[in-house]
Amino acid sequence: WFNAATGITNNTATSNRSYGNSQDGISIGDPGSDSNTFTSNLSYGNVRSGISLDGSNNTFTSNTSFGNGVDGILCWTTTAHRNVFTSNLLYSNGAAGFQLDGGATNNVLTSNDLYDNGGQGYAALRVVGGSHNNVLLSNQVHHNRFGAITIGESNSTTLVANQVHSETATGL
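Residues numbered from 1 in each chain as written. Predicted model: local features only at pLDDT ≥ 70, side-chain atom pairs only at ≥ 80, totals over all residues. Heavy atoms only, no water.

Comments concerning unusual backbone geometry
Then comes step 1: Non-glycine residue asparagine 106 carries a positive phi angle of around 55°.
Then comes step 2: Residue position: asparagine 106 is located in the loop between β13 (98-101) and β14 (108-110).
Then comes step 3: In this structure, serine 111 is a non-glycine residue whose phi angle is positive, near 55°.
Then comes step 4: Mapped onto the elements of the fold, serine 111 is located in the loop between β14 and β15 (113-115). (Helix = DSSP H or I, 4+ residues; strand = E, 2+ residues; numbered from the N terminus.)

Set out below in structure tokens:
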């Protein structure tokens with residue numbers, strides 16, 4: 001549905017639906033796709049991730065991503081930094097509800113709700129693969145299949161006031 005190519009900046013996407021796609025529902029897939037705003041969008045039933053991001057200084061607020069084959073939101077690569085994710089609802093995704101991977105740095109996740117996520121070995125919220133200096137603040141993480149929050153191969157992640165409960169595996 002939305003595929004931002006290199007150099008796509010300062011766009012706004014509000015109240016859109018993306019579902020049943022053979023790849024990602026919303027893809028900001030190239031470096032230089034910066035300073036875009038996504039609010040109240042719905043992405044579900046996509047083969048890969050609901051939202052896939054490789055850009056910087058983007059804002060995601062009050063989006064819903066569920067029932068996707070892989071992640072609810074995937075923020076990945078060394079060019080995915082300084083993004084802000086607030087009050088997003090991520091549930092029933094096949095892997096992580098939210099994954100920071102591949103060097104995604106200096107991102108802020110605040111007041112997101114993650115539940116019923118996780119494939120074998122995937123926690124609901126993952127910070128992995130050299131993704132440094134990210135902040136996880138006041139997120140609700142509950143009722144996931146393979147744990148709540150995992151941090152691996154990443155430094156200087158800050159966790160503050162997250163609510164983790166009712167997990168079938170490890171909480172933190």
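The structure having been displayed, the exposition proceeds.
Regarding the side chain of asparagine 139
Then comes step 1: Position of asparagine 139 among the secondary structure elements: in the loop between β17 (135-137) and β18 (140-142).
Then comes step 2: Engagement of the side chain of asparagine 139 in a polar contact is seen with the backbone oxygen of leucine 109, the distance being 3.1 Å.
Then comes step 3: Within the structure, asparagine 139 has its side chain in polar contact with the backbone nitrogen of serine 111 (distance 3.4 Å).
Then comes step 4: Once residues within four sequence positions are removed from consideration, asparagine 139 is found in contact with Leu109, Thr110, Ser111, Asn112, Ala161, Asn162 and Gln163. (Polar contact = N/O pair within 3.5 Å; in protein donor to acceptor, adjacent residues only side chain to side chain. Contact = heavy atoms within 4.5 Å.)

Things to note about the packing of aromatic side chains
Then comes step 1: Under the counting rule described, the total for this entry stands at seven aromatic pairs.
Then comes step 2: Ring geometry for tyrosine 19 against tyrosine 44: centres 5.0 Å apart, planes inclined by 5°, an arrangement best described as stacked. With a gap of 25 residues between them, tyrosine 19 in strand β3 (residues 17-19) and tyrosine 44 in strand β6 (residues 42-44) connect regions that are remote in the sequence.
Then comes step 3: Summarising the aromatic geometry, the rings of phenylalanine 60 and phenylalanine 85 are spaced 5.0 Å apart at their centres and angled 15° between planes, so their arrangement reads as stacked. In this pair, phenylalanine 60 sits in strand β8 (residues 59-61) while phenylalanine 85 sits in strand β11 (residues 84-86), placing the two residues 25 residues apart along the sequence.
Then comes step 4: A relative accessible area of 1% places phenylalanine 60 in the buried class.
Then comes step 5: Here the aromatic residues Tyr19, Tyr44, Phe66, Tyr91 and Tyr115 are joined through ring pairs into a cluster of three or more. (Phe/Tyr/Trp six-rings, centres within 6.5 Å; stacked < 30°, edge-to-face > 60°. Buried < 20%, exposed > 50% of the residue type's maximum accessible area, 1.4 Å probe, protein only.)

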